[in-house]
Amino acid sequence: MVAIPRKTILEKFGKMIADGVPIVGGGAGTGLSAKAEEAGGIDLIIIYNSGRYRMAGRGSAAGLLAYGNANEIVKEMAYEVLPVVKKTPVLAGVNGTDPFVIMPLLLSELKTMGFSGVQNFPTVGLFVGTMRQSFEETGMGFGLEVDMIAEAHKLDLLTTPYVFNPDEARAMTRAGADIIVAHMGVTTGGSIGATSTKTLDACVKEIDAIADAARSVRKDVILLCHGGPISMPADARYILERCEGLHGFYGASSMERLPAEAAIARQTADFKAITKTKG
């Protein structure tokens, strides 16, 4: 697969925004997920290391822990996903705090493989309190993720970083981010989803603050939302109707894990409900 040019993607998204059509991206932890998402008309596909864990029956938060090399896992997954995607831009989740990579070389390699852009995942933005402070104080802070996005922008890759507050939104927009994704926390629901989360109305306030901060730097930045209680289409509609200038939604667990859980359980139950006719 050849990477789709950033200009081509942004021109398409600009027309969608002008026409009032939401932009929808989704994570793909398997080739089948990617094929199904493309068949459904998805606008962006993202390969995260967490996709491997969630589609193996573990929570997406496993992607934040030391269960494997995040950047290498994404490259391995690329050989499963990229060949089956025909026309949709595919983005790589890049661990920007990885001290064992030469970032310009990694990003160039990803582009050569066929990735059209990048996102910052795993991200220290999902850590708070003492752990986040430790990362920042020991040279593994969010600023490295900003640097990664800036480097990807230099290579003309599409950049769609996660941010968790207005300050991070401003920093990522200054770095050249094309799309700012307001992250509301680990997705809730299903058998392995988070149970502790904020309300949808709380998300509206946070997303509005993030959007205002990003647009204070650059008016044309695209804004999407992700995570937390925004797990189903009705949730995304609720947020989009209440957040002015929000252009769409990014789904990961909500795009592949939750549908798979429900569909497989329902199909199995239907088979188990078969009654054999006597005689």
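Structure shown above.
Residues numbered from 1 in each chain as written. Predicted model: local features only at pLDDT ≥ 70, side-chain atom pairs only at ≥ 80, totals over all residues. Heavy atoms only, no water.

Our next topic: the pairing of strand E8 (residues 222-226). Within a regular strand, side chains alternate between the sheet's two faces. Most of E8 sits inside the fold, with 5 of its 5 residues counted as buried. Inspection of the sheet shows strand E7 (residues 179-183) paired to E8 by 5 bridges, in the parallel sense. When the sheet's bridge partners are listed, Ile179 is paired in E8 with Ile222. As judged from the 3 bridges shared by E8 and strand E9 (residues 248-251), these two strands associate in the parallel manner. Paired with Leu224 across the strands is Gly248, a residue of E9. (Buried < 20%, exposed > 50% of the residue type's maximum accessible area, 1.4 Å probe, protein only. Helix = DSSP H or I, 4+ residues; strand = E, 2+ residues; numbered from the N terminus. Pairing = 2+ DSSP bridges.)

We now examine unusual backbone geometry. A cis geometry characterises the amide bond from Phe121 onward to Pro122, with omega recorded as 0°. Considering the arrangement of structural elements, one finds Pro122 in the loop between strand E4 (117-120) and helix H6 (129-137).

Our next topic: the sheet that holds E7. Either a parallel or an antiparallel arrangement is found when strands of a sheet pair, and the pairing is made through backbone hydrogen bonds. Taken in spatial order, the 9 strands of this open sheet run E5-E4-E3-E2-E1-E9-E8-E7-E6, and their pairing is parallel. In the strand order of this sheet, the two ends are held by strand E5 (158-159) and strand E6 (162-163), each with one partner. One ladder, built from 2 bridges, connects E4 with E5; its direction is parallel. Opposite Gly117, over in E5, you have Leu158 as the bridge partner. Helix H5 (residues 103-113) contacts strand E3 (90-94) and E4 of the sheet and is inclined by roughly 155° relative to E3. (Contact = heavy atoms within 4.5 Å. Axes fitted to C-alpha atoms, helices over the stretch in contact; angles between N-to-C directions.)

Another aspect to go through is the pattern of salt bridges. If you walk through the whole model with that rule in mind, you get 15 salt bridges. One salt bridge connects Lys154 with Glu151, and the closest N-O pair in it is separated by 3.9 Å. Here Lys154 and its partner Glu151 are both found in helix H7 (residues 142-154), 3 residues apart, which amounts to about one turn of the helix. Owing to a relative accessible area of 65%, Lys154 belongs among the exposed residues under this scheme. Residue Arg170 is joined to Asp167 by a salt bridge in which the shortest nitrogen-to-oxygen separation is 2.7 Å. You can see Arg170 and its partner Asp167 sitting in helix H8 (residues 166-174), 3 residues apart, about one turn around the helix. Classification of Arg170 as partly exposed rests on a relative accessible area of 25%. One network of salt bridges, in which partners are shared, links Arg6, Asp156 and Asp178. (Salt bridge = Lys/Arg side-chain N within 4 Å of Asp/Glu carboxyl O.)

By the alternation rule, side chains of E4 split into Gly117 and Gln119 and Val118 and Asn120, which are all buried. In terms of strand pairing, E3 meets E4 through 4 bridges, oriented parallel. Bridge pairing in E4 links Ala92 to Val118. Read from E3 through H5 to E4, the crossover connection turns out right-handed. (Right-handed = clockwise from strand over helix to strand, strands pointing away.)

Next up on the list: helix H4 (residues 70-81). For H4, spanning 12 residues, the distance from its first C-alpha to its last is 16 Å, which sits close to the expected 16 Å at 1.5 Å a residue. Those residues of H4 lying buried are Ala70, Asn71, Ile73, Val74, Lys75, Met77, Ala78 and Val81. At its buried positions, H4 is contacted by helix H2 (31-39), strand E2 (44-47), helix H3 (49-54), E3 and H5. Near the N-terminus of H4, the side chain that reaches the backbone nitrogen of Asn71, with its oxygen 3.2 Å away, is that of Asn69. (Expected span 1.5 Å × (residues − 1). Polar contact = N/O pair within 3.5 Å; in protein donor to acceptor, adjacent residues only side chain to side chain.)

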